Amino acid sequence: MNRELNQWFVHEVLPHERALVRYLSRVWRTRSEIDDLVQEVYVRVYEAAEKSRPAAVKSFLFTAARNLMTDRARRARVVTIEAVENIEELSVVADEMTPERRLSARQELKALAGAFESLSPRCREVVWLRRVDELSQKEVAARLGVSSRTVETYLMRGMQAFADALFAKQILRVVRRRARNAEAEPGHGKQ
Amino acid sequence: MESSKVVKEQAARWLVKQDSGEWSAADGAALQDWLQESTAHVIAYIRLEEAWKRTGRLKSFGAGVAAGTVPSPRQWQLSSVFIAGEAGPKTAVVRHARRPWLLGIAAGIVGMAAIGVAWLVLTANPMYQTPVGGLASVPMPDGSKVTLNTNSAVRVAISDHERRVQLERGEAFFEVAKDPTRPFVVVAGRQRVIAVGTAFSVRRGAHGIQVAVTEGKVKIEGEGQHVQRPATGGGVDTGSLTAGSVARMDGNGVLIEQRGVQELEQELSWRAGFLTFDNTTLADAVSEFNRYSVRPIVISDPSIAAIRLTGRFESAKYEAFIRLLEDGFSIRAERDGERIVLLKR
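Cut-offs applied
- Residues numbered from 1 in each chain as written.
- Chains lettered and ligands numbered in written order.
- Predicted model: local features only at pLDDT ≥ 70, side-chain atom pairs only at ≥ 80, totals over all residues.
- Helix = DSSP H or I, 4+ residues; strand = E, 2+ residues; numbered from the N terminus.
- Buried ≥ 20, exposed ≤ 12 C-beta atoms within 10 Å, placed from the backbone.
- Contact = placed C-beta atoms within 7 Å.
- Core = buried A, V, L, I, M, F, W, Y, C linked by C-beta atoms within 7 Å.
- Pairing = 2+ DSSP bridges.
- Axes fitted to C-alpha atoms, helices over the stretch in contact; angles between N-to-C directions.
- pLDDT = per-residue confidence, 0-100.
- Expected span 1.5 Å × (residues − 1).

## Describing the overall build of chain A
Then, number 1: Regarding its fold elements, chain A presents ten helices and zero strands.
Then, number 2: For chain A, the N- to C-terminal ordering of α and β elements is α-α-α-α-α-α-α-α-α-α.
Then, number 3: Per-residue burial over chain A gives 34% buried out of 191 residues.
Then, number 4: Excluding contacts between residues fewer than 6 apart, the proportion of contacts in chain A whose partners are at least 24 apart in sequence is 62%.

Here it is as C-alpha cells:
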C-alpha cells in the first residue's frame, strides 16, 4: 500500500464524504445504490491520484461523481426511471461546494458519542471494554461470557457505525450565532 | 465491482482480526493479497482503520471510570446539549453517581447547557475534562464554578474542611464561593493556590504554572507543605496575589507581575470561546491556536514567526485565522496530512 497516498485520501477526500453522499442522494434516486456509487467514485479518485494529486479535491470528487452517474445512466440498457429522473440536475449546487473541511474536534466527539449511543447495549459494552478499557478481545469475551466470534461481530459492527458517523452521516445543523454567553451562564440570561 | 457492503464487511473483518492480538505473518501476507486485489479494498480498509483509530477519543468519556467498569445503559447517559454558538453542537456526557449532591451537579450540568464536552462524575473524586477544542463550565456543590479550557482536566474533592481541586492538565478559571471555614485549594503539580472567595485562573503548561487573579486575593504555596488555612498561614509562604496580578512558577521560583484586571480579563477571553491577541507574535498566536486543535499549525519560516498580530479570534475557527493570514500577509498555508504548515509566500 502507498502510505502517503492513503494518508492523503484519509485527510483530504474522506472529509467530503458527507457532501458526496448528499449530492449523490439528491441526483440518484435509487437509495440502495448510493453506497456502491460512493465506492466507485472513491476508486476513480484514488486511482487518478496515484498518477497525480488533484489540486481542488472537492470539485474533483464531485466531477468524478457526475461522470460516473452519467456513464451509468448511459450504459444501462434499462435504467430505472427514478435513476434518470434527476440526471438533469447533475450540476452541483453552490452549498454543496462550500469548503466544509473536516469536523471540528467537538463535532467529531459528538459524532462518536452519537454512534456509540446508537449501538445495541451489548455492542456498546464490547466496544467500551475493548476501546476504552483496552481489554483484549479474549478478555472481553471472558468477561461478558460470550464467544470470541461474538466479540468480533460486535467490533465489526461498531467500527462500521463509527466510520459512518465520522464520514458519511449528515450532521445536524444547530442554530448558530452568539446566544452563547447567555446560554452558558444561566442567571445572566439576557444581555 | 463488488458490492460496497461486502467490501466494507471484509475490511472490518481484517481490522478486527488484526486487533485480536492473534496475527501471524501468514495473516499479514493474506491481508496484503486482499488489498492488492482491488482499490476498493484499500479504500474500505483505510477508511475503517481511520475511524477505529479515532474512536480512541471515546476514552475522554471514560477517564476516571474504574477500569473494567462497563457503564450500564442506566449509568451511562448520553445527552446532547445544544448551545447556540459558533462551535456548533456540543455533547455532554453525564455519568450519574450515587451521592445526591453529585446528582445535583449532573442535573446542573445538563440544565445549564454547559459548553460541555465530556463530563464524568464519579462516586469518589469526580473528574471533569475537556478534549482538545473543548470548553466547559462546571458548577460545584459549594456554589463555586470552574470553567475548563481546551484539553484540560480537574479532579474535585470536597470535604467539610476543604474544597480541593487538582488541576491535572490544561487551564481552568475558578470563581470561588465565599466560605471562610473551607479554604478552596487548587493543586497544580507542586504548587497550591489557596483562596477563600475570589476569581482566578490556573494554567499548567510545558514551562510551569501560571496563576492570574481577577478578583480578591489568593495565596500560593510551594511543594512540601501541608495545606494551611489562609488565615493561619504556615509553611514557606511564596506569596499572596491580588487582583490584576499574574504569577508564573516553575521549579526554580515565582515571578509576579502586575498587569491589571482589564488586561487579565482579556487574556481570559477563552472562557467565551475567544483568543485575544494584543501585539502578539505569530509564533505565540499559533501556539495558542494549537491548544484548541488536533491538527497543529507549524511555522516553517522564522521570518514570519515574528509578525505581530492584534485582534480577537474564535478559538475553534483556526481555518478562518489561516485564511486571514493568507489574505493579509505574505503567508501561504500548506496542508500536509496532519499538519498545516505556514510558509513565506
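## Let's talk about the overall build of chain B
Then, number 1: Each helix and strand in chain B was counted, giving nine helices and 22 strands.
Then, number 2: Expressed as a percentage of the 345 residues in chain B, the buried residues total 40%.
Then, number 3: Intrachain contacts of chain B at a sequence separation of at least 6 include 46% that bridge at least 24 residues.

## Notes on the nonpolar core
Then, number 1: Grouped together as the largest cluster of nonpolar side chains are 120 residues, with contacts concentrated most on Met159 and Phe162 of chain A together with Leu48, Phe200 and Val211 of chain B.
Then, number 2: A per-element tally of this core places helix α9 (residues 148–168) of chain A first, with eleven residues.
Then, number 3: The contacts of phenylalanine 162 of chain A, once residues within four sequence positions are left out, are Leu112 and Ala115 of chain A together with Ala51, Trp52 and Thr55 of chain B.

## Here we look at the sheet that holds strand β17 (residues 253–258) of chain B
Residues and elements named next belong to chain B.
Then, number 1: On the basis of which strands lie adjacent, the open sheet formed by seven strands has the order β5-β6-β9-β12-β13-β16-β17 and antiparallel pairing. With one partner strand each, in any of the chains shown, β5 (136–139) and β17 form the two edges of the open sheet. Between one strand and the next, the sheet's axes are offset by a mean angle of 15 degrees, whatever the strand orientation.
Then, number 2: Where strand β6 (residues 145–148) lies against strand β9 (residues 171–175), four bridges are found, and the strand directions are antiparallel. Considered in β9, the bridge of valine 146 is made with phenylalanine 174.

## A look at the sheet that holds strand β22 (residues 339–344) of chain B
All names here are of chain B.
Then, number 1: One open sheet accounts for three strands, arranged β19-β22-β21; its pairing is mixed. For this open sheet the edge positions go to β19 (297–299) and β21 (331–336), each flanked by a neighbour on one side alone. Geometrically, the sheet is characterised by an average inter-axis angle of 30 degrees between neighbouring strands, direction not taken into account.
Then, number 2: Against the sheet, helix α9 (residues 318–328) touches β19, β21 and β22, its axis set at about 140 degrees to β21.

## A look at the environment of asparagine 6 of chain A
All names here are of chain A.
Then, number 1: As for its position among the elements, asparagine 6 is in helix α1 (residues 3–13).
Then, number 2: What makes asparagine 6 partly exposed here is the crowd of 18 C-beta atoms within 10 Å.
Then, number 3: Along the sequence, asparagine 6 and glutamate 50 sit 44 residues apart, while their C-alpha atoms lie 9.9 Å from each other.

## Some details on the confidence of the model for chain A
Residues and elements named next belong to chain A.
Then, number 1: With 74% of its residues at a pLDDT of at least 70, chain A reaches an overall mean of 78.
Then, number 2: Across chain A, the element-wise mean pLDDT spans from 39 in helix α10 (residues 180–184) up to 95 in helix α3 (residues 34–51).
Then, number 3: Contacts from residues 80–84, a stretch scored under 50 in pLDDT, to residues over four places away or in other chains number nine contacts.
Then, number 4: For residues 172–191, every residue scores under 50 in pLDDT, and the model assigns this stretch 30 contacts once sequence neighbours within four places are set aside.

## Looking at unusual backbone geometry
Excluding glycine, a negative phi dihedral is what most residues carry, and trans is how most peptide bonds are arranged.
Then, number 1: Although it is not a glycine, glutamate 134 of chain A adopts a positive phi angle of roughly 60 degrees.
Then, number 2: Assignment of secondary structure puts glutamate 134 of chain A in the loop between α7 (121–132) and α8 (137–144).
Then, number 3: If you check the backbone angles, asparagine 151 of chain B has positive phi at about 45 degrees while not being a glycine.
Then, number 4: Within the fold, asparagine 151 of chain B resides in the loop between β6 and β7 (153–158).

## As for helix α1 (residues 4–19) of chain B
Then, number 1: A rise of 1.5 Å per residue sets the reference length of α1 of chain B, with its 16 residues, at 22 Å; its end C-alpha atoms lie 22 Å apart and thus fit the reference within 8%.
Then, number 2: Among the residues of α1 of chain B, those classed as buried are Ser4, Val7, Lys8, Ala11, Ala12, Trp14, Leu15 and Val16 of chain B.
Then, number 3: Buried residues belonging to α1 of chain B abut α3 and α9 of chain A together with α2 (25–37) and α3 (39–54) of chain B.
Then, number 4: Just downstream of α1 of chain B lies glycine 21 of chain B, where phi reads positive at about 85 degrees.

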